[in-house]
Amino acid sequence: MPFFLERGGENNPLEVQRWQYFLRKNNVTQTGAIDGQFGMKTEEATKIFQLQHSRPTTGKFDEATLQVAQGLGYTVRPDNFYSNKTGSNFPPKPTNLESPSNADRNAALGCFRFVQLPLGNRADKDEVVPKDSCDHTIPDWRNANIVDLPIPQMKFVTGFSGIMRCHRLVAPHLLLLFARWEELDLLHLLWHYDGDYNPRYKRGQSPGNGGHGLKQSNQVSALSNHAFGSAFDVNERDNQFTKEPARCPRRGCVRELVEPANELGFYWGGHFSEGSQDGMHFEFAKF
Ligand SMILES: [Zn+2]
């Protein structure tokens, strides 16, 4: 039995995400946001899809609708697909990949000098202001290294502008990652975008409220990987910092995304040590 869906039904949220993503991809814009909730918009969008394909307009994702959708490439998951994924047994930590050391990321992505303003002058409490490269050959490290990368695979993701800001050397890896997730039919799992390049300390690790003068990134391990443009966050609402990541099939569960990401050199924040778990976070780690 495939997963059938309807407003008010006992729906599988990730399968609702899959159906909403499919509707958006088939230009049924009335679907609205991909949010795992089969509400009035999804029902209306389902009716429009049914009308377009001359099927009874039940507003439900039912057998007749499934058959049309399958002909258009919709993936049907077997009904036991989630049964071994509902617990806290997330994919194991990869054995051949670690979150990069400060020395590694500076060597690979470049050392920069930065200051931190007094707390009252920061837009984000952990923000820093990048300056030149540590060897002074590049006057503006950010301008020289951070690029705007279009990610078409995320065009239906709430909060995504169409552009990811990232390090120029990480950009090709990001393109491979999103192409791989697309190939595996996992894009519906990305529903909310929550950040990329962001020059800042790790959460809660700013040295103080008063700010500080020039420091070098190769001498400060408390900077976030977001400050190097090698990390991005998705589905934050369901995968909050320090909390256990969302279990499947809850909305925002990223577990199916983890293994293919690891294979392409991306470390998952859900594998950070106890107390720093960060299920929304993916970072390039294979330098
Ligand atoms: Zn992050």
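Residues numbered from 1 in each chain as written. Predicted model: local features only at pLDDT ≥ 70, side-chain atom pairs only at ≥ 80, totals over all residues. Heavy atoms only, no water.

A few points about the overall build of the protein
Put simply, the rule is: Each helix is a run of H or I in the DSSP string that is no shorter than four residues. Each strand is a run of E no shorter than two, and both are numbered from the N terminus. Radius of gyration here is computed from C-alpha atoms only, and the compact-globule reference equals 2.2 Å multiplied by the residue count raised to the power 0.38. A simple rule labels every residue: compare its accessible area, found with a 1.4 Å probe on the protein chains alone, to the largest value its type can have, and call it buried under 20%, exposed over 50%, or partly exposed in between. Note on contacts: a residue pair qualifies if any of its non-hydrogen atoms lie within 4.5 Å across the two residues. To measure how exposed things are, a 1.4 Å probe is used in the Shrake-Rupley method; for residues, cover is taken only from the protein chains shown.
Secondary structure summary: the protein contains seven helices and eight strands in total. The C-alpha atoms of the protein give a radius of gyration of 21 Å, which matches the 19 Å a tight globule of 287 residues would have. Judged by the C-alpha coordinates and their principal axes, the protein covers about 65 × 35 × 35 Å. Within the protein, the proportion of its 287 residues that are buried is 50%. Pairs at least 24 apart in sequence give 63% of the contacts found in the protein among residues at least 6 apart. Only carbon and sulfur atoms are counted for the fraction: they give 48% of the accessible area of the protein, which is about 13200 Å².

What about the domain arrangement of the protein?
As a reminder of what qualifies: Delimitation of the domains relies on an automatic or database domain assignment. Buried area: the sum, over both parts, of the accessible surface (1.4 Å probe) that disappears when the two are put together. Any carboxyl oxygen of Asp or Glu that lies within 4 Å of a side-chain nitrogen of Lys or Arg is treated as forming a salt bridge with it. Distance and chemistry together define a polar contact, namely a pair of N or O atoms within 3.5 Å, with one atom able to donate a hydrogen and the other to accept it when in protein, and with adjacent residues in sequence counting only for side-chain atoms on both sides. Residue type decides the class: Asp, Glu, Lys and Arg count as charged, Ala, Val, Leu, Ile, Met, Phe, Trp, Tyr, Cys and Pro as nonpolar, and the leftover types, Gly among them, as polar.
Each assigned domain of the protein is listed here: domain 1 (13-71) and domain 2 (145-208 + 218-284). When each unit is reduced to the centre of its C-alpha atoms, the spacing between domain 1 and domain 2 is 28 Å. Taken together, the ten residues of domain 1 in the interface contact 13 residues of domain 2. Summed over both sides, the interface between domain 1 and domain 2 buries roughly 1300 Å², with carbon and sulfur atoms accounting for 60% of that surface. Three residues stand out in domain 1 for area buried against domain 2, namely Leu 14, Tyr 21 and Ile 34, and they jointly supply 45% of the buried area on that side. Linking domain 1 with domain 2 are one salt bridge, by the criterion used here. Between Asp 185 and Arg 18 there is a salt bridge; the shortest N-O distance is 3.3 Å. Our count for the domain 1 to domain 2 interface comes out at four residue pairs in polar contact (both at pLDDT 80 or more). Along the lines of polarity and charge, the residues of the side of domain 1 that touches domain 2 split into five nonpolar, one polar and four charged.

Some words on the sheet that holds strand β7 (residues 266-268)
This is how the line gets drawn: Note on pairing: two strands pair once DSSP finds at least 2 bridges between them. Helix axes use the C-alpha atoms of the stretch in contact, all axes being lines fitted to C-alpha atoms, and the angles between their N-to-C directions lie in the range 0 to 180 degrees.
The strand order β6-β8-β7 describes an open sheet built from three strands, whose pairing is antiparallel. Two strands in the sheet have a free side with no partner beyond their single neighbour: β6 (231-233) and β7. Going from strand to strand, the sheet's axes swing by 20° on average, the running direction of each strand aside. Pairing between β6 and strand β8 (residues 281-284): three bridges, direction antiparallel. Within β8, the position partnered with Ala 231 by the bridge is Glu 283.

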